[in-house]
Structures are given as C-alpha cells and as structure tokens.
Amino acid sequence: MNLQQLEYILALDRLKSFSKAAESCFITQATLSIMVKRLEDELDIIIFDRKTNPIITTDCGIEIIEEARKIIIHHNRLKQMASELKGKIEGELKIGIIPTIASNLLHRILPILLEKYPKLKLTVYEVTTSEVISRLKTADIDVGIVSTPLNTHDIEEEILYYEKLMVYGNNQTNKKFITPKDIMNEKVWLLEQGNCLRDQIIDLCSINSKQLMSNLNFQPNSFDSLLNIVDKLNGLTLIPELYFLDLPNERRKNVFDFNAPYPVREISMIFHRPYAKLRLLETFAKEIKFIIRPILSTTDMKSSEMKIMGI
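Residues numbered from 1 in each chain as written. Predicted model: local features only at pLDDT ≥ 70, side-chain atom pairs only at ≥ 80, totals over all residues. Heavy atoms only, no water.

Here we look at the pairing of strand β4 (residues 120–126)
Point 1. The sheet contact formed by strand β3 (residues 91–97) and β4 spans seven bridges and is parallel. Among the inter-strand pairings, G96 is bridged to a residue of β4, identified as Y125.
Point 2. Each parallel crossover has a hand, and for β3 linked through helix α5 (residues 99–116) to β4 it is right-handed. (Pairing = 2+ DSSP bridges. Helix = DSSP H or I, 4+ residues; strand = E, 2+ residues; numbered from the N terminus. Right-handed = clockwise from strand over helix to strand, strands pointing away.)

Quick look at the nonpolar core
Point 1. Among the nonpolar cores identified, the biggest contains 39 residues, and I145, Y161 and F284 are the most heavily contacted of them.
Point 2. For this core, the elements supplying multiple residues, two or more each, are β3, α5, β4, α6 (129–137), β5 (143–148), β6 (156–169), β10 (262–271) and α11 (278–292).
Point 3. For Y161, the contacting residues outside a window of four places in its chain are I101, L105, L242, R265, E266, I267, I288, I292, R293 and L296. (Core = buried A, V, L, I, M, F, W, Y, C linked by side-chain atoms within 4.5 Å. Buried < 20%, exposed > 50% of the residue type's maximum accessible area, 1.4 Å probe, protein only. Contact = heavy atoms within 4.5 Å.)

A few points about helix α8 (residues 223–233)
Point 1. Turning to α8, its buried residues number three or more, namely F223, L226, L227, I229 and V230. Mapping the buried residues of α8 onto a view down its axis gives an arc of 165°, with all of them on the same face.
Point 2. Downstream of α8 by a residue or two, N234 has a phi angle that is positive, lying close to 65°. (Arc of directions from axis to C-beta.)

Here's the deal with the pairing of β5
Point 1. With respect to burial, β5 is a largely interior element, six of its six residues being buried.
Point 2. Across five bridges, the pairing between β5 and β10 is antiparallel. Residue pairing across strands places V146 opposite S268, the latter belonging to β10.

Regarding the packing of helix α2 (residues 18–25) against helix α3 (residues 29–43)
Point 1. For the pair α2 and α3, interaxial distance at closest approach is 8 Å and the crossing angle is 100°. Taken together, α2 and α3 sit at an angle that is classed as roughly perpendicular. In this structure, α2 contributes F18, S19, A21 and A22 to the contact, and α3 contributes Q29, L32 and S33.
Point 2. Looking at the contact of α2 with α3, its residues break down into four nonpolar, three polar and no charged. (Axes fitted to C-alpha atoms, helices over the stretch in contact; angles between N-to-C directions. Parallel < 35°, antiparallel > 145°, perpendicular 65-115°, else oblique. Nonpolar A, V, L, I, M, F, W, Y, C, P; charged D, E, K, R; others polar.)

Here it is as structure tokens:
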C-alpha cells in the first residue's frame, strides 16, 4: 500500500468513473485499474462495485475511503510543517468563495497576495455556500469565504470584516437616510433563489415573496444585472459596500443609506477540522483584514451601530 493508491481511490470515489479518475490523476486508465485492484487484494476488501455505471463505492469501501482521506490530510500536514518550520509561506491554498463576495473582493486581494508570496499557489472556485461547506468536508478545498454566521457545529468561522448594505434605486422619499420599513412596500429586485443575500434582504425589509412577482419574474445572479434592470424598470435593490466602492460616480448618485443601526453582512473565512494548512490560513485571513477593513465604513463603527443580518 502507498499514498498514491490512496489518492487514486479518493479520486475514483469522487468521480465515479475510472476514465475521469485516471485523467484527474494524470495516469492511464489501465494503470489506475491495476493499482486499485492491488489495494483491494492487499486489504482483501472490494472497495468499488464495477458492475454499475457510474461505479458505486461499497459499504466497506466507504469506511476505507474515510480513513484514506484522513491519511492524505495528515500526510499533507507533515509536508506543510516543513515549510512552516522554516517560516515560509508557500504551497497551495484552495479557496471556495460565494459569487456575491468574489466579484468585489478578489480583485483587491489577489494581486497583493501573489506579489507578496510568490511561492504561494492559489486556486479559487466560485460556488454556493452549500457547495463550499460540502467541499470543505471532503477536503477538496482548504478554506471558504462566505456570509456568516452559519450556525453549523462542525464548521469553524473567523470573521474577516463587516460589510454595510446600501440601497440602490430611485429615492422617492428624497431622504439620505432611511429605515428598512421605508422600502418594505417598494418594488425590490432580488438575486436568484438560493442566494444568501436574497434571503437576508427579504428578512431585513419584511418583503413578502408574493410581492416580488408580477408579469416579469426576473432573478439574476449578479449585481450588474440587478442594477441594469433597476435603471430601466425602476424599483430598488440592495448592494454591499464593496460593490458600491466599485461603482462609477454616475451610479453612486443612485445609492442611499439606512439609518443606524446599519444592516451589515458578516463575511468570514470558514474551515473544517482536521486541516493541514494552519499557517497559510492565518496569513490569508490576516492579509484580507489588513487590505479590506480600512476601506469599509464599518471599521469605525461601534457594535451598537450595526445589525448583523442572519442567513
């Protein structure tokens, strides 16, 4: 038995296909098949039922897969420790991030991280919160960046920053500052179903989901699409502060604020134990806080001035 064989069965369990698993491991299908069979013979256990398409991991195989995953994680931890003991920030960090954060965070942090840590390889996936959690638990990614609190007992959270929510649209009230109640009867455009920010806005403004339906059912997946539809069809939407900071001056004129306590979304780094890259995670969190917090208005706010939106 060797580590390569364990990596092969993990790939096969994840992809359910010998051809896809072989491709992901950069070996031939024949080699993969031989190595997996040798491991099964050595353990005297059938790990995969090959009679089905896609293949199925057997009951005994599921337990073997779980132990193999732990071995690979600890193996990676041993390799990482060598660099950590030398005080170097290097290796690979796989990041899962939700789209409503990625669009306005990544372009601010990636150039700085890549220049400051040239031996650090970053792999970034834009996925939903549920997908981030799922990939963390299978060790397909090392860390996630999502809106919190998640209230999930087996996922750890480290708060990176608080981001104020602001209103975009035609301000009919002519007020600079408003309360959520002021817009509860307005036409509020929202992101697609399943987006955590959509649920936060509905909860914040006490919007009835039936109120959102008319002869047009439009649920975009980006802030750009939201603003374009608001500009043409009127109504309102809510945007986070980092997105506001990226708006051209012409569009900033259509943004107005809430009264205190300001609704904010909590943005956190999340991870799942056991994890192998503690120093990389600590450095990653520290750099994001250093880059982002100074440009947000929430940095100078007291906790009593903010209302953290649940998800």
